[in-house]
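# Residue-level structural notes
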Amino acid sequence: MRARYCAHELRLVDFVVRTYHPSCNAAAEADAIAESVHGEWKKLEVVSTEPGKDDNEGYVTFNAYFIEDKRQYSFTEKSRFVREDDQWFYIDGEMYDYPLPVKKKEIGRNDPCVCGSGKKYKKCCGI
């Protein structure tokens, strides 16, 4: 998922087309894909990941942010990926009407501080 998003930011249309599953026939939609790739992408937030029915299927739910006509927009999608021959391919996605909140990992009082000081969180930034 992150590689596909980075390909959008870097405007690598061929990479995006190649990472669609062959059953999607993305080459026939290359012009439409190129139009979406050439947007002004700003940020990706991975909301969640889930396994599929086996080890060769998985889901990624994300919020993506972009600018169009000087206004920021976002969309949320739950994407389905399948693995074939050790390569992950995008199959399809379910769109949401609103951005989903990103669950942040809770920091415990006795966890190492996120600032990298080596101290416990409660004795450093958690004061």
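What you see is a predicted model; the values in this text were computed from it and never measured.

The subject of this paragraph is the nonpolar core. The biggest cluster of nonpolar side chains holds 8 residues, and these are Ala-7, Val-13, Val-16, Val-17, Ala-26, Ile-33, Ala-34 and Val-37. Counting only elements with at least two residues in this core, the list comes to α2 (13–18) and α3 (30–37). In contact with Ile-33, not counting residues within four places along its chain, are Val-16, Val-17, Tyr-20 and Ala-26. Grouped together as the second largest cluster of nonpolar side chains are 6 residues, Tyr-5, Trp-41, Phe-62 and Ala-64 included.

Topologically, Arg-4 is positioned in helix α1 (residues 2–9). Buried charge without a salt bridge: Arg-4, with Glu-77 as the nearest opposite-charge side chain at an N-O distance of 6.8 Å. Beyond its immediate sequence surroundings of up to four residues, Arg-4 is in contact with Phe-15, Val-16, Thr-19, Tyr-20, Phe-81 and Tyr-90.

Turning our eyes to something else, we now look at unusual backbone geometry. The backbone of Arg-11 sits at a positive phi, close to 60 degrees, despite the residue not being glycine. With respect to the secondary-structure elements, Arg-11 resides in the loop between α1 and α2. Look at Arg-11 and you get partly exposed, because its relative accessible area is 44%. Positioned with a positive phi, Lys-70 is a non-glycine residue whose angle comes to about 65 degrees.

What follows is about the pairing of strand β1 (residues 40–51). Two faces belong to every sheet, and in a regular strand the side chains alternate between them. Two strands pair when backbone bridges link them, and β1 and strand β2 (residues 57–68) are joined in this way by 10 bridges, in the antiparallel orientation. Across the sheet, the residue bridging to Ser-48 is Thr-61, located in β2. What sits between β1 and β2 in their antiparallel hairpin is a turn of 5 residues.

Once that is clear, we can look at the pattern of salt bridges. For the structure on display, the rule yields 5 salt bridges. Among the ionic pairs, Lys-42 bridges to Glu-40, the shortest N-O distance being 3.3 Å. Put simply, Arg-80 and Asp-92 hold a salt bridge, and the shortest N to O gap is 3.0 Å. In this pair, Arg-80 is assigned in strand β3 (residues 71–84) and Asp-92 in strand β4 (residues 87–96), connecting sequence segments 12 residues apart.

A separate point is the UniProt feature "domain: YchJ-like middle NTF2-like" (unreviewed entry) in the protein. The positions UniProt marks with the feature "domain: YchJ-like middle NTF2-like" (unreviewed entry) are residues 1–93. Annotated as residues 1–93, this span is 24% helix and 48% strand, and its ends, taken at the C-alpha atoms, are 12 Å apart.

Attention shifts here to the confidence of the model for the protein. Scored by pLDDT, the protein comes out at a mean of 87, with 94% of its residues at no less than 70. Ranking the helices and strands of the protein by mean pLDDT puts β4 first, with 94, and α3 last, with 87.

Using the criterion set out here, one finds 8 aromatic pairs in the structure. Centre to centre, the rings of Tyr-20 and Tyr-90 are 5.3 Å apart; their planes meet at 85 degrees, and the pair counts as edge-to-face. In this pair, Tyr-20 sits in the loop between α2 and α3 while Tyr-90 sits in strand β4, placing the two residues 70 residues apart along the sequence. Classification of Tyr-20 by relative accessible area gives partly exposed; the value is 21%. Residues Trp-41 and Phe-75 carry aromatic rings whose centres are separated by 6.0 Å and whose planes lie at 75 degrees to one another, so their mutual orientation is edge-to-face.

The rules we used
- Residues numbered from 1 in each chain as written.
- Predicted model: local features only at pLDDT ≥ 70, side-chain atom pairs only at ≥ 80, totals over all residues.
- Heavy atoms only, no water.
- Core = buried A, V, L, I, M, F, W, Y, C linked by side-chain atoms within 4.5 Å.
- Buried < 20%, exposed > 50% of the residue type's maximum accessible area, 1.4 Å probe, protein only.
- Helix = DSSP H or I, 4+ residues; strand = E, 2+ residues; numbered from the N terminus.
- Contact = heavy atoms within 4.5 Å.
- Lys, Arg positive; Asp, Glu negative; His and termini not counted.
- Salt bridge = Lys/Arg side-chain N within 4 Å of Asp/Glu carboxyl O.
- Pairing = 2+ DSSP bridges.
- UniProt positions renumbered as here; feature names shortened; annotations may be inferred.
- pLDDT = per-residue confidence, 0-100.
- Phe/Tyr/Trp six-rings, centres within 6.5 Å; stacked < 30°, edge-to-face > 60°.

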